[in-house]
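Survey of secondary and tertiary structure
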Amino acid sequence: MAKITYKHPNGTETIVDVAAPNTVMRGAKINNIDGIEAQCGGSAQCGTCHVYVDEANTLPLPEMHESEDEVLYGTACPRRDNSRLSCQLPVSEEIDGLVVHLPEAQS
């Protein structure tokens, strides 16, 4: 189980407990968090689960795969150095405390 914080563009935040082996995207969907569309269901094809990992993050995240890298160039909001697809961030106890910022739009 990991506590994940989803920061919304309006400044509010939602903090939820997400169980492994879910992803950060699935945690948002299970908990009805607005701002994650996930149109492709988590297969790293649509970019509608784009998030910005908090710049202060020191938690171990998996390396970005080539397919994720390519999809991030077509997201609705600009790609940044800290952009990730939340469907590609598996939840584990190691990422307890992860903070992600939701973009203004997903599509």
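The structure under discussion appears in the preceding block.
Residues numbered from 1 in each chain as written. Predicted model: local features only at pLDDT ≥ 70, side-chain atom pairs only at ≥ 80, totals over all residues. Heavy atoms only, no water.

Some thoughts on the state of the cysteines
A complete count under the given rule lists zero disulfides for this structure. Between Cys46, a free cysteine, and Cys40, which holds the nearest cysteine sulfur, the sulfur-to-sulfur gap is 3.5 Å. In this model Cys49 remains outside any disulfide bridge; the closest cysteine sulfur is found in Cys87, 3.7 Å from its own. We classify Cys49 as buried; its relative accessible area is 3%. (Disulfide = S-S within 2.5 Å. Buried < 20%, exposed > 50% of the residue type's maximum accessible area, 1.4 Å probe, protein only.)

Quick word on the sheet that holds strand E2 (residues 13-18)
Strand order across the open sheet formed by five strands is E2-E1-E5-E3-E4, with mixed pairing between neighbours. Two strands in the sheet have a free side with no partner beyond their single neighbour: E2 and strand E4 (83-85). Between one strand axis and the next, the sheet turns by 35° as a mean value, whatever way the strands run. As judged from the two bridges shared by strand E3 (residues 50-53) and strand E5 (residues 99-101), these two strands associate in the antiparallel manner. Counterpart to Tyr52 in the pairing with E5 is His101. (Pairing = 2+ DSSP bridges. Helix = DSSP H or I, 4+ residues; strand = E, 2+ residues; numbered from the N terminus. Axes fitted to C-alpha atoms, helices over the stretch in contact; angles between N-to-C directions.)

Let's talk about the environment of Ile95
Relative to the helices and strands, Ile95 resides in the loop between E4 and E5. Among the residues examined, Ile95 registers a relative accessible area of 2% and is labelled buried. Those residues in contact with Ile95 that lie beyond four places of it in its chain are Ala2, Lys3, Ile4, Val24, Leu59, Pro60, Leu61 and Pro90. (Contact = heavy atoms within 4.5 Å.)

Points about the pairing of E2
Where a strand is regular, its side chains alternate between the two sheet faces. As paired elements, strand E1 (residues 2-7) and E2 share six bridges and run antiparallel to each other. Across the sheet, Ile4 pairs through a bridge with Val16, a residue of E2. Two successive antiparallel strands, E1 and E2, enclose a turn made up of five residues, where Gly11 displays a positive phi of approximately 100°.

Details of the nonpolar core
Counting residues in hydrophobic clusters, the biggest one holds 25 residues, and the most contacted among them are Ile4, Tyr6, Val24 and Ile36. Apart from the residues within four sequence positions on either side, Ile4 is in contact with Thr14, Ile15, Val16, Val18, Val24, Ile95 and Leu98. (Core = buried A, V, L, I, M, F, W, Y, C linked by side-chain atoms within 4.5 Å.)

Details of the side chain of Thr5
As for its position among the elements, Thr5 is in strand E1. Look at Thr5 and you get buried, because its relative accessible area is 10%. Among all residues touching Thr5, those that are not within four sequence positions of it are Glu13, Thr14, Ile15, Leu98, Val99 and Val100.

Considerations on unusual backbone geometry
With an omega dihedral of 10°, the bond running from Ala20 to Pro21 counts as a cis peptide bond. With respect to the helices and strands, the residue Pro21 is situated in the loop between E2 and helix H1 (24-30). For Ala38, which is not glycine, the phi torsion reads 55° and is therefore positive. Take Ala38: it is sitting in the loop between H1 and E3.

Some remarks on the pattern of salt bridges
In total, this model carries four salt bridges according to the counting rule given. Glu13 is the partner of Lys7 in a salt bridge, and the nearest nitrogen-oxygen pair spans 3.7 Å. On the basis of relative accessibility, which here comes to 29%, the residue Lys7 falls in the partly exposed class. Judged by relative accessible area, Glu13 falls into the partly exposed class, the value being 42%. (Salt bridge = Lys/Arg side-chain N within 4 Å of Asp/Glu carboxyl O.)

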